[in-house]
Amino acid sequence: MIGCSGFLIRNGFLRCAGQLFTVPEVMNIPRHIAIIMDGNGRWAEQRRLPRIFGHQQGVESVRRVVRECLALGVSHLTLYAFSSENWGRPADEVAALMELLARFLAQELDSLMREEIRLRVIGDITLLPSAVRRILDQTIQRSSGNGRLVLTLALSYGARDEILRAVRRLVHQAVEGSLTLDEIDETHFAANLDTAGLPDPDLLIRTSGEMRVSNFLLWQLAYAEFFFSEVLWPDFSAEELRKAIEDFGARQRRFGLTARQDSAET
Ligand code: IPE
Ligand code: IPE
Ligand code: MG
């Protein structure tokens, strides 16, 4: 149960003047939420468990958050699951994370289809173990017709690497003559990023109290609203997600304009 502009919301419904509304009608729901899922290791260490237990528990939070996004009508969810820098972690942790990922994908295929979720991936997936790539490719292909929620996993992802790969592609097109320099504008550049076709995130959430972007979506976050949660990712609940969305709903996004211009346009 949470409060919203003086009203009470219960079980996804809001009663106001005798009428029942669903929450998405009364909350300002971001179209695209991106999450830096952080704090798995600390969650496990606090319990004197190996770090992988935190990652395993983190998978449950992924399921919870996907369920809540479906319930609220969020159409795009992007999860930072493994960064290009995370390859530098101890080999046993990297191997355990890759295994966990392959298992998660295998387990989720049915529910992705049932819930009409389309899976996408961003990052340099050529670096992933072939078993993971195989199941990833299969899942992406099988779910490609789904349209209720686009779930994008950032795997082996670094924004600087993504930007450099886009630059290389553009330079290649320019050198071979299929692209002139004047044609390189923001739209064309964005179309060469891994996120091509996705709207920019409206809301970025980072868990575990860290306040940095850690090489995530540097281009795409230009006008995102940031929400930092103290909660470690394995403890991240539907309630905490709603708190972030409520906070988002109370912000005024000005996109470089003055507050007066902004309210005149809405
Ligand atoms: C986030 O949790 C998951 C990955 C980066 C794969 P961490 O593993 O970074 O957890 P902490 O930050 O060490 O607690
Ligand atoms: C960012 O978390 C990457 C993911 C959540 C996958 P890290 O834990 O790797 O980031 P830093 O090292 O604290 O910046
Ligand atoms: Mg971390």
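In short, a report on the structure.

Definitions and limits used
Residues numbered from 1 in each chain as written. Chains lettered and ligands numbered in written order. Predicted model: local features only at pLDDT ≥ 70, side-chain atom pairs only at ≥ 80, totals over all residues. Heavy atoms only, no water. Phe/Tyr/Trp six-rings, centres within 6.5 Å; stacked < 30°, edge-to-face > 60°. Helix = DSSP H or I, 4+ residues; strand = E, 2+ residues; numbered from the N terminus. Buried < 20%, exposed > 50% of the residue type's maximum accessible area, 1.4 Å probe, protein only. Lys NZ or Arg CZ within 6 Å of the ring centre and 35° of its normal. Patch = residues over 30% accessible without salt bridge, like charges linked within 9 Å, V, L, I, M, F, W, Y side chains within 5 Å. Areas by Shrake-Rupley, 256 points an atom, 1.4 Å probe, with all protein chains shown as cover. Salt bridge = Lys/Arg side-chain N within 4 Å of Asp/Glu carboxyl O. Axes fitted to C-alpha atoms, helices over the stretch in contact; angles between N-to-C directions. Parallel < 35°, antiparallel > 145°, perpendicular 65-115°, else oblique. Left-handed = near helix turned anticlockwise from the far one by under 90°. Contact = heavy atoms within 4.5 Å. Near = heavy atom within 4 Å. Polar contact = N/O pair within 3.5 Å; in protein donor to acceptor, adjacent residues only side chain to side chain.

Another aspect to go through is the packing of aromatic side chains. Each aromatic ring pair is summarised here by two numbers: the centre-to-centre distance and the angle between the ring planes. Using the criterion set out here, one finds eight aromatic pairs in the structure. Residues Y80 and Y157 carry aromatic rings whose centres are separated by 5.9 Å and whose planes lie at 85° to one another, so their mutual orientation is edge-to-face. Highlighted residues: Y80 in strand β6 (residues 76–83) and Y157 in strand β8 (residues 149–157), separated in sequence by 77 residues. According to the relative accessible area criterion, Y157 is buried, its value standing at 0%. Geometrically, the ring pair formed by F226 and F228 is edge-to-face, given 6.0 Å between the ring centres and 70° between the ring planes. Judged by its relative accessible area of 31%, F228 is partly exposed. Three or more aromatic residues joined by ring pairs make a cluster, and in this case those are Y80, Y157 and F216. In this structure, R47 packs its charged tip against the face of W43, placed 3.9 Å from the ring centre.

Moving on: a nonpolar patch on the surface. A cluster of nonpolar side chains, namely V167, V171 and V175, defines an oily patch on the protein surface of about 260 Å² accessible area. Residue class for V167 comes out partly exposed when judged on its relative accessible area of 34%.

Turning our eyes to something else, we now look at the environment of F104. One can find F104 in helix α4 (residues 91–114). Along the backbone, F104 and V59 are 45 residues apart, and their C-alpha atoms lie at a distance of 7.7 Å.

Two packed helices can be described by the angle between their axes and the distance between those axes. Across the interface, α4 lies against helix α5 (residues 130–142) with an axial gap of 9 Å and an inter-helix angle of 20°. Taken together, α4 and α5 sit at an angle that is classed as roughly parallel. The hand of the α4/α5 crossing is left-handed. Contacts between α4 and α5 involve M98, L101, A102, L105, A106, L109, L112 and M113 on the former and, on the latter, V132, I135, L136, T139 and R142.

Close to ligand 1 lie M37, D38, G39, N40, G41, R42, R51, H55, A81, N86, R89 and L97, which account for all nearby residues. At 2.9 Å, a side-chain N or O of D38 approaches an oxygen atom of ligand 1. Here an oxygen atom of ligand 1 sits 3.4 Å away from a polar atom, N or O, in the main chain of G39. About the coverage of ligand 1: the protein hides 86% of its 370 Å² of free accessible area.

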